[in-house]
Structure formats: C-alpha cells, structure tokens
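Examination of the molecular architecture
Here is how the chains run, residue by residue.
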Amino acid sequence: MKLSKILKDVKEKIGPLWWYAVIIFCVQRFSDVLNVFAGLWLVPKYVPQAELGAVQPLAQIGGFLGFPLAVLVTPFIKLLNKHATNGDLGKVKALLRDAMILSSVFFIGIMTIARIFLPSILEFMRVEDGLLTMAVVFASVLGTLAPVFSGALQALKRFRLVSISGLFSAPLRFATLLFALPVRGLTGYFVGQSVPPMLTIGVTAADFFRKFGRKVKCEPYFRKDLPLFMAYLIPLSCLALAGNLKGSLEMLTLRNLPDIHSAAHYHITRFSDIATYLVSPVLFVMFPLISEKFESGSKTHRMLIQTIAFTLAVGFIFSVVLALMGPWIFSLLEMWRDYSSFTGLFGIATVTATLRMASSCFTTHEVACGRFRYAFYMVPISLLEAAFYYLVLRHPSVLGVSIDTLGEFFNVVFVFTLIPFIAMTIDLFLENRRNGTTCRVID
C-alpha cells in the first residue's frame, strides 16, 4: 500500500482537527527545541539577572499597547472563515486588503504613543532605556500584527503554509539572538522576538498576492457584515481591555519582587509552559473547524470536551514530572543552580499554565460559536484581579496583604486562574443542559 494512501486513511480516521494538529505540532516541536535552548541557556547567558525578570513584564506591557489591534483579530478571522467557506473570494480579498491597511495605521500610531509613555515604565522596572523602548514596542506590535496574518492562513485553512513558515521562523530567530544578545542583552532579545512575526507577515502577504492577485476583484462586505462584526467587537473589546489591564498589573507586581525572584519566575515558567505545547496546535486548528460546524449548525461540544480533557491530562502528568524532577533539572547547569531553592514551585506553575490553556479551549470554542456570555463573568473577575494587584502595588495597607516572594505570587495567580476556570466549567455544564450540544448561529 502506498504511503499516500496510508496517510489519507489515517487522516480520514482521526479527522481534520487531530490530523492538522499533529502536523503543526511536529513543526512547532522542532521550533521548540531551538526556542527552549534559547530561552533556558542563551538568554540567561547574556541578559543579567537584574534584567532577566523584566523580559515577561516588558512583553506584557508591549502586548497591552497593541491590544486595540488584537481585538480586531478574532472578528476578522471569523468573517474571513465565513466568506472563504461560502466561496466569496472577492470579499476574502477585500478583508485581507483592509487588514493590511489598518495594520499599517495602527503600527505607526502605537509606535508613536509608546515612545512617549514607555520610558517611565522602564524606569519602574529598573532597566536601562537606550534603544530598548523601540525594540520592545517594535517586537510587541509585530507580535500583535502577526495574528492578523496567521489568522488569515488559519481561516483559509492554509495549514501547510503555516507548517512551512514554522520550520523557518525558529532557526531565523535563533540566529538573530546569537548575533544580537551579545551586543545588548535585553534589547537583543526583543530584536530576536521580532523575527517570527516578520516572517509570518511576509509569507502571508506573498501568499495573498499570489492567490488573490488580479484574478479576483474585491467585493464590498462591510455593510452586510457590520452586525456580526460588532457582535464580536464589543464583547471582545471589554474582554481584551480587562485582560490586558490585569495581565500588565500582574507582571508589574512580579517585577516588584527582588531580582532573583522575578528571574526565577522566568526560568520556572520556561519549563512549565512546555505543558501547553501539546495543546496550542490543537487550538489553532480547532477555531476554523468549529466555526465551520457553527455555520452549518453541527454539534461541537464533543470536540471541545475532548480538547479540554486532553489539556488537563497532559498538564497534570507534566506537573507531576516537573515537581519530582525539578531539583535535578536545576542542578544540571551552573546558571540554574542559583534558583534551586525555587524548584518547589514547579508544580503550581505548571498547573496554573494548564488551567489557563484549558480555559482558552473553552473561550476559543465559544467565540467560534458566536457566544460571549462568558464575558459577563470574565470581565468582572479580571477587573477584580487588576484592582487587587493595583492595591498591592500602590496601597498595600488597604488590603493588609503584600506579595513579597515568588511563592506568594504564584499562589495568588493560581487562585485567580482557578476561579474563571470553575466558572467556565459551570457555564459549559449549564449550556449542555439547556441546549444539548448544538451551537446557535448568529444571524
């Protein structure tokens, strides 16, 4: 039997979700080998401990600056997937054209605003400015723009092109880090971070002009799609604003810890995030597939429950492994041994990352189905968490609570991660009881 026939049979047996998820997973794991090496050895080698703990907070602040554009990504992907499914290539081309124009305008505006406000934030984080401001913003804004373009490939189910792009992005990033980190540690890190999104944008733009050149004429879409666009934009804007505010204050709280504690957080989360590697390609493939099922009114909750169960199982197993092997892992390299006293936090860090990924499975499903009921409890929870961090940072006497160690920080983050996960679990249970397992279509 020919290999192509065998692969075709396997694809039909396991279904498109798991087939493309496995392909993208293999590509991403190749990338992760280089990314893990860079994150666990190369970056700590050239970024001093005093600045290492600022890597994640700076990335979060950069993401907050770009959140207005990030809000547009999901409705854009949804509309793109809808028109691609219906064969309306003229509308697809018009959407891609407008996305490129809008991205360029946002890019210029965000860079200008950040140049004014970011230096004071860098001063609070105890890092030198220099070219760092523009490097952080450039990488972060590109990271915000990239989902617009990768979302186009996702919505059009161009998973093969996504895989090919992934094969080249990690080696190019790694090569850039090898060159830039020795020159200026923290700035060099963000220069390296800008490489993958630049490649994604370039590949998508080239594919766009190749597939939708002069052969396809743009067709108007906005007036008819405006109700659906606003149905996504309003709740997503509230969710993004609350989530980014919470995330930024959370990272500022982390940076308020002693340098060795925030640096230890960087090392521990590099390992704990590995638990999410198996699930991220599943989520990427799941959105357009769920969206298609949503358009036809097919059942989708079985796919969601499978994904959540898979996420929790993998995360639990990995948390146990890390909790047991953490002390041994941190004894392998000299640069890790300074953080050996923090290895007891591997378990809670990995469980937290797992719960966040499981929650992402739920929100991805709900957005694909056009349901935003979860915003009614997620926004208040995020704002409550943001208020908590703000009071801890600025007015600790009000709560009578302080976060002085990394262990205390992880405990607080875990609680604020568990609360929305429980709320989403209850929501999913009630939805199943009310409506069976069929998504409702938004007209």
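Numbers given to residues run from 1 along each chain, matching the order in which its sequence is written. Residue-level local features of this predicted model are given only where pLDDT is at least 70; pairs of side-chain atoms are given and counted only at 80 or more, and the full residue set underlies all totals for whole chains, interfaces and linings. Hydrogens and water molecules were not included; the side-chain quantities draw on all heavy atoms of the structure.

1. Re the overall build of the protein chain
- Counting from the N terminus, the helices are DSSP H or I runs at least four residues long and the strands are E runs at least two residues long. Along the backbone of the protein chain there are 18 helices and 0 strands.
- Relative accessible area decides the class of each residue, using a 1.4 Å probe on protein chains only: under 20% of the type maximum gives buried, over 50% gives exposed, and in between gives partly exposed. Looking at the protein chain as a whole, 52% of its 443 residues are labelled buried.
- Throughout, a residue-residue contact means that at least one pair of heavy atoms, one from each residue, lies within 4.5 Å. Partitioning the intrachain contacts of the protein chain with sequence separation of at least 6 by distance along the chain shows that 84% fall at a separation of at least 24.
- Note on areas: Shrake-Rupley, 1.4 Å probe, and residue coverage restricted to the protein chains presented here. Surface exposure of the protein chain reaches about 20100 Å², of which carbon and sulfur atoms provide 68%.

2. What to know about the packing of helix α3 (residues 55–65) against helix α10 (residues 222–255)
- Running from N to C, α3 and α10 cross one another at 155°; their axes reach a closest spacing of 9 Å. As far as their axial angle goes, α10 and α3 are roughly antiparallel. When the axes of α3 and α10 are compared, the crossing they make is left-handed. Here α3 contributes Q56, P57, Q60, I61, G63 and F64 to the contact with α10, which in turn contributes L241, N244, L245, G247, S248, M251, L254 and R255.
- Residue classes follow a fixed rule: Ala, Val, Leu, Ile, Met, Phe, Trp, Tyr, Cys and Pro count as nonpolar, while Asp, Glu, Lys and Arg count as charged, and any other residue, Gly among them, counts as polar. Considering only residue class, the contact of α3 with α10 consists of 7 nonpolar, 6 polar and 1 charged. Note on geometry: axes are lines fitted to C-alpha atoms, helical ones only across the stretch in contact, with angles between N-to-C directions running from 0 to 180 degrees. In these notes the angle categories are as follows: under 35 degrees is roughly parallel, over 145 is roughly antiparallel, 65 to 115 is roughly perpendicular, and the rest is oblique. A clockwise turn of the near helix away from the far one marks a right-handed crossing, whereas an anticlockwise turn of less than a right angle marks a left-handed crossing.

3. A word on the packing of aromatic side chains
- Between 30 and 60 degrees the pair is tilted, below 30 it is stacked and above 60 it is edge-to-face, where a pair is any two Phe, Tyr or Trp rings, Trp via its six-membered ring, whose centres lie within 6.5 Å. Under the defined criterion, the tally for this structure stands at 11 aromatic pairs.
- Aromatic side chains F271 and F346 sit 5.7 Å apart centroid to centroid with 90° between the ring planes, which places their arrangement in the edge-to-face category. Remark: F346 occurs in helix α15 (residues 346–368) and F271 occurs in helix α11 (residues 259–272); sequence separation between them is 75 residues. You'll find F271 and F346 in the same group, each marked buried.
- An aromatic cluster of three or more residues is present, and its members are F271, F330, W336 and F346.
- Charge-over-ring placement is defined geometrically: NZ (Lys) or CZ (Arg) within 6 Å of the ring centre, and within 35 degrees of the ring normal. A cation over an aromatic ring shows up here: R270 above the ring of Y266, its NZ or CZ 5.0 Å from the ring centre.

4. Some words on the nonpolar core
- Core analysis: the biggest nonpolar cluster contains 66 residues, and F76, L96, L236 and Y374 have the highest contact counts within it.
- Looking at this core element by element, the count peaks at 10 residues for helix α5 (residues 89–124).
- Each residue touching L96, except ones within four places of it in the same chain, is listed here: F76, L80, A152, F208 and F212.
- V136, L249, F271 and I348 belong to the second-largest nonpolar core, a separate cluster that totals 49 residues. Throughout, nonpolar core names a set of buried Ala, Val, Leu, Ile, Met, Phe, Trp, Tyr and Cys residues whose side chains join them through atoms within 4.5 Å.

5. Describing the pattern of salt bridges
- Salt bridge criterion: a side-chain nitrogen from Lys or Arg within 4 Å of a carboxyl oxygen from Asp or Glu. Under the defined criterion, the tally for this structure stands at 9 salt bridges.
- Notably, a salt bridge pairs R270 with D273, separated by 3.8 Å at the nearest N-O pair.
- A relative accessible area of 27% means that D273 is categorised as partly exposed.
- Where R371 meets E431, a salt bridge forms, and the shortest distance between an N and an O atom there is 3.9 Å. With R371 in the loop between α15 and α16 (375–394) and E431 in helix α18 (residues 406–435), this residue pair connects regions lying 60 residues apart in the sequence.
- Residue R371 is classed as buried on the basis of its relative accessible area of 4%.
- Owing to a relative accessible area of 2%, E431 belongs among the buried residues under this scheme.
- When salt bridges that share partners are traced, they join E366, R371, R373, D427 and E431 into one network.

6. Considerations on helix α8 (residues 185–193)
- Burial runs high along α8: 7 of the 9 residues are buried.
- Every buried residue of α8 is listed here: G185, L186, T187, G188, Y189, F190 and G192.

7. What about the packing of α10 against α16?
- Interaxial distance between α10 and α16 falls to 8 Å at its minimum, and their mutual angle equals 25°. One way to sum up the angle between α10 and α16 is to call them roughly parallel. With respect to the hand of their crossing, α10 and α16 are arranged in left-handed fashion. Mapping the contact onto sequence places C238, L239, A242, G243, L245, K246, L249, E250, L252 and T253 in α10 and A375, M378, V379, S382, L383, E385, A386, Y389, Y390 and L393 in α16.
- Along the lines of polarity and charge, the residues of the contact of α10 with α16 split into 14 nonpolar, 3 polar and 3 charged.

8. Notes on the environment of K246
- Mapped onto the elements of the fold, K246 is located in helix α10.
- Note on K246: relative accessible area 18%, which makes it buried.

9. With respect to the confidence of the model for the protein chain
- For the protein chain, mean pLDDT is 79; residues scoring 70 or higher make up 83% of the total.
- pLDDT: the predictor's confidence for each residue, scored from 0 to 100. Of all secondary-structure elements in the protein chain, the lowest mean pLDDT belongs to helix α1 (residues 3–46), at 64, while α16 reaches the highest, 93.
- Segment residues 437–443 is flagged for pLDDT under 50; beyond a separation of four residues in sequence, or across chains, it makes 25 contacts in the model.

10. Regarding α11
- Over its 14 residues, α11 runs 20 Å from end to end, which matches the ideal 20 Å to within 8%, given 1.5 Å per residue.
- Counted residue by residue, α11 has 11 buried out of 14 residues, so it is predominantly covered. Given a helix with a known number of residues, its expected span is that number minus one, times 1.5 Å.

11. A word on a nonpolar patch on the surface
- Where nonpolar side chains cluster on the molecular surface, the patch consists of F316, I317, V320, V321, L324, M325, W328, L332 and L333 and spans about 870 Å² of accessible area.
- Tracing the backbone through its elements, the reader meets L332 in the loop between α13 (301–329) and α14 (334–337). Candidates for patches are residues over 30% relative accessible area with no salt bridge; among them, like charges are joined within 9 Å and nonpolar side chains (Val, Leu, Ile, Met, Phe, Trp, Tyr) within 5 Å.

12. Quick notes on the environment of S272
- On the secondary structure map, S272 appears in helix α11.
- Separated by 76 residues in the primary sequence, S272 and I348 place their C-alpha atoms 9.0 Å from one another.
- Apart from the residues lying within four places of it in its own chain, the contact partners of S272 are L322, A349, T350 and A353.
- At a separation of 3.4 Å, a polar atom in the side chain of S272 contacts the main-chain carbonyl oxygen of T269. In protein, a polar contact means a hydrogen-donor-capable atom and an acceptor-capable atom, both N or O and within 3.5 Å, with residues adjacent in sequence counting only if both atoms are side-chain atoms; elsewhere, any N or O pair within 3.5 Å suffices.

13. What to know about the side chain of K246
- A residue counts as positive if it is Lys or Arg and as negative if it is Asp or Glu; His and the chain ends are not included. The buried charged residue K246 lacks any salt bridge partner; its closest oppositely charged side chain belongs to E385, at an N-O distance of 4.2 Å.
- In contact with K246, other than residues within four places in its own chain, are S382, E385, A386 and Y389.

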